[in-house]
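What the coordinates show
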Amino acid sequence: MVKDLTEGSPRRVLWQFTIPMFVSVVFQQLYNIADSIIAGQFAGEDALAAVGASYPVTMIFMAIAVGSNIGCSVVISNLFGAKKYKEMKTAVYTTLVTAFVLSVVLTVAGLLGTGGLMAVIRTPENIFADGALYLGIYIGGFTFLFLYNVATGIFSALGDSRTPLYFLIGSSLSNIVLDYWFVTAFRMGVAGVAWATFLAQGVACVLAFLTLLYRLGKIKTEGRPPLFSGLMLKRVGRIAVPSILQQSFISVGNIFIQWRVNGFGSSVIAGYSAAIKLNTFTITSFTTLANGLSSFTAQNVGAGKCGRVKEGLRAGIRLAFLIAVPFAVTFFFFGSAMIRLFLPEDAGAGAALSTGAKFLRIVSPFYFVVSVKLMADGVLRGAGAMRQFMTATFTDLVLRVVLAFAFSAVPALGSTGIWLSWPVGWTTATVVSCVFYKSGKWIRGRV
């Protein structure tokens, strides 16, 4: 299942590698969406709003896990492409040890600050308790989430995108079944949704970790590799820390946006919660393809084959466009029907429905734009050009946050002004990413 991405047709190799990653994210997002659908349909609009209000906070923790995934994946891909297997194993072990320690520290800090975090984002009183309960259970399982994401990053670095898919299919299906069971049979409400995720993620983490250790044992090296190296941690950290900061700042930006959304009441929160889950499905799909392109880039840069990277980018953009079409068409023309999946049939669902549908109509045509940005970012990150990568990311983030507040302050726009900030931020940042890629400076990036 370990695959060399430096040989063969770049388009065929990249597509074969990234399509299983895309299928993985489909299942991952399905159970995230199922959380909200089951909460909204069977526990009510306030339960949907409670899960949605806590979502930006959970994404801060997720951002740290994803950033670590990206950082270790780039370095391990580079070492694997260069056939430095002993150093590669040291990078893997160092990353796992660091991830475990960091996850425990963050879990304790998160559990102590749950209520404060919910208060900071102006969570309405009628959904505060449920939102804090969901967040506390989620953070309690953060170690599982963190180690699972790091393990999948390592699998991807070794050219294996199928093993994480198998684990994720099992985790997603069990999560959905447990969601429904806990909420409908045991009447656990928001807590049932959170515990379902906790249990499913925990089992997937343990299985992925054991499989990874078995696979590493099959790769032969001269001598026993060190289990921890400060120098290797510094090397992984050079990519991981900017990636974590990038992911975290995006999540912090989303908290500011959630703070603004929360000022419009629980119905708008519920509609936004449903729409942002669907939008996240799309963006995460593109981001997953970009992560695959980063591994492809890192292996080929390590092997000194930068020409293949340019062919890989073109192939990545074509695949992203193919994926963007069904999302854009469905959300633009059938957005109301998609939002209705999340909402109970009651009088309060009207404002929530119109809010969510309007958000999707505004952002969905720009999926083709943001997909180009994320593919170019994948190359920059994979080549180790982190300064350019972070500049492009923060351009999008800062514009979206600033414009969300500025536009929504216009009385004629209200909450619609928040949604309008997405296309402007995406378009500007795409131009920045493409300029950095075209400059060719990424070829001199250090991994």
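Predicted model only: the values in this text are computed from it and were never measured. (Residues numbered from 1 in each chain as written. Predicted model: local features only at pLDDT ≥ 70, side-chain atom pairs only at ≥ 80, totals over all residues. Heavy atoms only, no water.)

Remarks on the packing of helix H7 (residues 162-185) against helix H8 (residues 190-218)
Packed helices, taken two at a time, are described by their axes: the angle between them and the distance between them. The geometry of H7 relative to H8 is characterised by a closest axis approach of 8 Å and an angle of 160° between their N-to-C directions. When the interaxial angle is binned, H7 and H8 end up roughly antiparallel. When the axes of H7 and H8 are compared, the crossing they make is right-handed. In terms of residue class, the contact of H7 with H8 is made up of 12 nonpolar, eight polar and two charged. (Axes fitted to C-alpha atoms, helices over the stretch in contact; angles between N-to-C directions. Helix = DSSP H or I, 4+ residues; strand = E, 2+ residues; numbered from the N terminus. Parallel < 35°, antiparallel > 145°, perpendicular 65-115°, else oblique. Left-handed = near helix turned anticlockwise from the far one by under 90°. Nonpolar A, V, L, I, M, F, W, Y, C, P; charged D, E, K, R; others polar.)

Some words on the pattern of salt bridges
Evaluation of the coordinates by the stated rule reveals five salt bridges. Where Asp-160 meets Arg-215, a salt bridge forms, and the shortest distance between an N and an O atom there is 2.8 Å. Separated by 55 residues along the polypeptide, Asp-160 in the loop between helix H6 (142-157) and H7 and Arg-215 in helix H8 bring together distant segments of the chain. Judged by its relative accessible area of 3%, Asp-160 is buried. In this structure Arg-215 comes out as partly exposed when scored by relative accessible area, which is 22%. Among the ionic pairs, Asp-377 bridges to Lys-373, the shortest N-O distance being 2.3 Å. Of this pair, Asp-377 and Lys-373 both sit in helix H13 (residues 367-382), four residues apart, which is roughly one turn of the helix. With relative accessibility at 3%, the residue Lys-373 sits in the buried group. (Salt bridge = Lys/Arg side-chain N within 4 Å of Asp/Glu carboxyl O. Buried < 20%, exposed > 50% of the residue type's maximum accessible area, 1.4 Å probe, protein only.)

Details of the side chain of Thr-143
Of note, Thr-143 is situated in helix H6. The class for Thr-143 is buried, based on a relative accessible area of 19%. Among the polar contacts made by the side chain of Thr-143, one reaches the side chain of Ser-103 at a distance of 3.3 Å. Ignoring sequence-local partners within four residues, the contact set of Thr-143 consists of Phe-100, Ser-103, Val-104 and Thr-107. (Polar contact = N/O pair within 3.5 Å; in protein donor to acceptor, adjacent residues only side chain to side chain. Contact = heavy atoms within 4.5 Å.)

Things to note about the packing of aromatic side chains
Using the criterion set out here, one finds 20 aromatic pairs in the structure. Between Phe-61 and Phe-142 the ring centres are 5.3 Å apart and the planes differ by 75°, which places this aromatic pair in the edge-to-face class. Pair noted here: Phe-61 is in helix H2 (residues 45-81) and Phe-142 is in helix H6, with a separation of 81 residues, a long-range link. The exposure classification of Phe-61 matches that of Phe-142, with both residues buried. Relative to Phe-405, the ring of Trp-259 lies with its centre 5.9 Å away and its plane at 20°, an arrangement referred to as stacked. (Phe/Tyr/Trp six-rings, centres within 6.5 Å; stacked < 30°, edge-to-face > 60°.)

A short note on the side chain of Asn-279
By the secondary structure assignment, Asn-279 is in helix H10 (residues 266-302). Overall, Asn-279 belongs to the buried group, its relative accessible area being 4%. Here Asn-279 is in contact with Phe-331, Phe-359, Val-363, Tyr-367, Trp-422 and Trp-426, once residues within four sequence places are set aside.

Considering helix H11 (residues 306-340)
Because the α-helix completes a turn every 3.6 residues, residues three or four places apart line up on one side. Given a rise of 1.5 Å per residue, 35 residues ought to cover 51 Å, and the 47 Å separating the end C-alpha atoms of H11 matches this to within 8%. Its axis deflected by about 90° at Phe-334, H11 carries its strongest bend there. (Expected span 1.5 Å × (residues − 1). Bend = angle between axes of the 7 residues up to and from the residue.)

Comments concerning the nonpolar core
Within the largest apolar cluster, 138 residues are counted, with the highest numbers of intra-cluster contacts made by Ile-76, Ile-154, Phe-286, Phe-359, Tyr-367, Trp-419 and Trp-422. Residues within four places of Tyr-367 in sequence aside, it is in contact with Asn-279, Thr-282, Ile-283, Phe-286, Ala-324, Phe-327, Ala-328, Phe-331 and Trp-426. (Core = buried A, V, L, I, M, F, W, Y, C linked by side-chain atoms within 4.5 Å.)

So, the packing of helix H5 (residues 125-140) against H8
Where H5 contacts H8, the two axes come as close as 9 Å, and the packing angle between them is 10°. Here H8 runs roughly parallel to H5, going by the angle between their axes. On H8, the residues touching Asp-130, Leu-133, Tyr-134, Ile-137 and Gly-140 of H5 are Val-190, Ala-191, Val-193, Ala-194, Trp-195 and Phe-198.

Considering a nonpolar patch on the surface
Together, Val-97, Phe-100, Val-101, Val-104, Val-105, Val-108, Leu-112, Leu-227, Phe-228 and Leu-233 make up an exposed nonpolar region whose accessible area comes to about 910 Å². Sorting elements by how many residues they give to the nonpolar patch places helix H3 (residues 85-112) first, with seven residues. Within the element layout of this structure, Val-101 appears in helix H3. (Patch = residues over 30% accessible without salt bridge, like charges linked within 9 Å, V, L, I, M, F, W, Y side chains within 5 Å. Areas by Shrake-Rupley, 256 points an atom, 1.4 Å probe, with all protein chains shown as cover.)

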